[in-house]
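# Coordinate analysis (summary)
In case you want the letters, here they are:
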Amino acid sequence: MTIGVLGGTGAQGRGLAIRWARAGLKVVIGSRSADRAEQAAKEIVEIAGGDVTGQDNAGCAASADIVLAAVPWEGHAELLESLRSQLAGKIVVDCVNPLGFDKKGPFALPVPEGSAAQQAEQLLPESRVTAAFHHVSAVALADLSVDHVDLDVLVLGDDREATDVVRALAGVIPGVRGVYGGRLRNAHQVEALTANLIAINRRYKAHAGLRITDI
Ligand SMILES: NC(=O)c1ccc[n+]([C@@H]2O[C@H](COP(=O)([O-])OP(=O)(O)OC[C@H]3O[C@@H](n4cnc5c(N)ncnc54)[C@H](OP(=O)(O)O)[C@@H]3O)[C@@H](O)[C@H]2O)c1
């Protein structure tokens, strides 16, 4: 199974790619520039080993079985819309948090479709859209000396088989458990909760995560 990471040159995509490469999964880094993607792939292999290559975002989407969207909210709609045919029939994992920042700190932006994940669902009608990895810290992911990334990853989606696959992708990261978190229409509050976690991180100088009890 090959995992594509759109925007994999950035902090979050790179962090997840490092963990997936370390777990022995085949990864393709995507970028708006094939050169930047190849460079990031080389750096990830130096850190984590494994089978990591780089392509432009379209090549990445075409060559992967499962594709993570790890780009800023500002570029989310345009990028996904441009990759509709390459992403058809595939599991798409959206980790995008539509957030704003002002002098009072982080806050959730209103999204006409309800959430970034629901925007992805509307733009990619032939894909199996899921949402996950909103709360995991890119810093903890990229640091392989962190051998227990202490949080549950909420996985949302309307396709049970797809959410099970994504839960398993979370579970290969040491310490992490993938937990089904509801249908895609419930993604807004999961994305928005990231603003609270960032506020917690700033106050306590931490990489805070969530644990779900009694399951
Ligand atoms: N950082 C975290 O700890 C964290 C945690 C959870 C979720 N997230 C979410 O993950 C996503 C990525 O976060 P990040 O911190 O990795 O962001 P980032 O480093 O700012 O961006 C990731 C990559 O996206 C590409 N990109 C930038 N602007 C773009 C645009 N307008 N259109 C298409 N591609 C664009 C860039 O790659 P190229 O220039 O190479 O194309 C960049 O390296 C965000 O939506 C964020 O909410 C982040």
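Since this is a predicted model, take the numbers as computed values, not measurements. (Residues numbered from 1 in each chain as written. Predicted model: local features only at pLDDT ≥ 70, side-chain atom pairs only at ≥ 80, totals over all residues. Heavy atoms only, no water.)

### Section: the site of the ligand
Within the structure, the ligand sits among 20 residues, and Thr9, Gln12, Ser31, Arg32 and Val71 are positioned closest to it. In the environment of the ligand, an oxygen atom lies 2.7 Å from a nitrogen or oxygen atom belonging to the backbone of valine 71. With the chains in place, 73% of the 890 Å² that the ligand exposes on its own is no longer accessible. Secondary-structure elements contributing two or more residues to the shell around the ligand are helix 1 (11-22) and helix 4 (73-82). Taken together, the residues of the shell around the ligand break down into ten nonpolar, eight polar and two charged. (Near = heavy atom within 4 Å. Polar contact = N/O pair within 3.5 Å; in protein donor to acceptor, adjacent residues only side chain to side chain. Areas by Shrake-Rupley, 256 points an atom, 1.4 Å probe, with all protein chains shown as cover. Helix = DSSP H or I, 4+ residues; strand = E, 2+ residues; numbered from the N terminus. Nonpolar A, V, L, I, M, F, W, Y, C, P; charged D, E, K, R; others polar.)

### Concerning the nonpolar core
With 35 residues, the main nonpolar core has Val5, Trp20, Ile29, Leu68, Val93 and Phe133 as its most contacted residues. Put simply, the parts of the chain that give this core at least two residues each are strand 1 (2-6), helix 1, strand 2 (26-31), helix 2 (34-48), strand 4 (66-69), strand 5 (91-94), strand 9 (152-157) and helix 8 (160-171). One finds Leu123, Leu184, Ala187 and Val190 within the second-largest nonpolar core, a separate group that totals 25 residues. (Core = buried A, V, L, I, M, F, W, Y, C linked by side-chain atoms within 4.5 Å. Buried < 20%, exposed > 50% of the residue type's maximum accessible area, 1.4 Å probe, protein only.)

### A look at the environment of glutamate 78
If you trace the backbone, glutamate 78 turns up in helix 4. The exposure class assigned to glutamate 78 is exposed, which follows from its relative accessible area of 64%. For the pair glutamate 78 and alanine 21, spaced 57 residues apart in sequence, the C-alpha separation works out to 28 Å.

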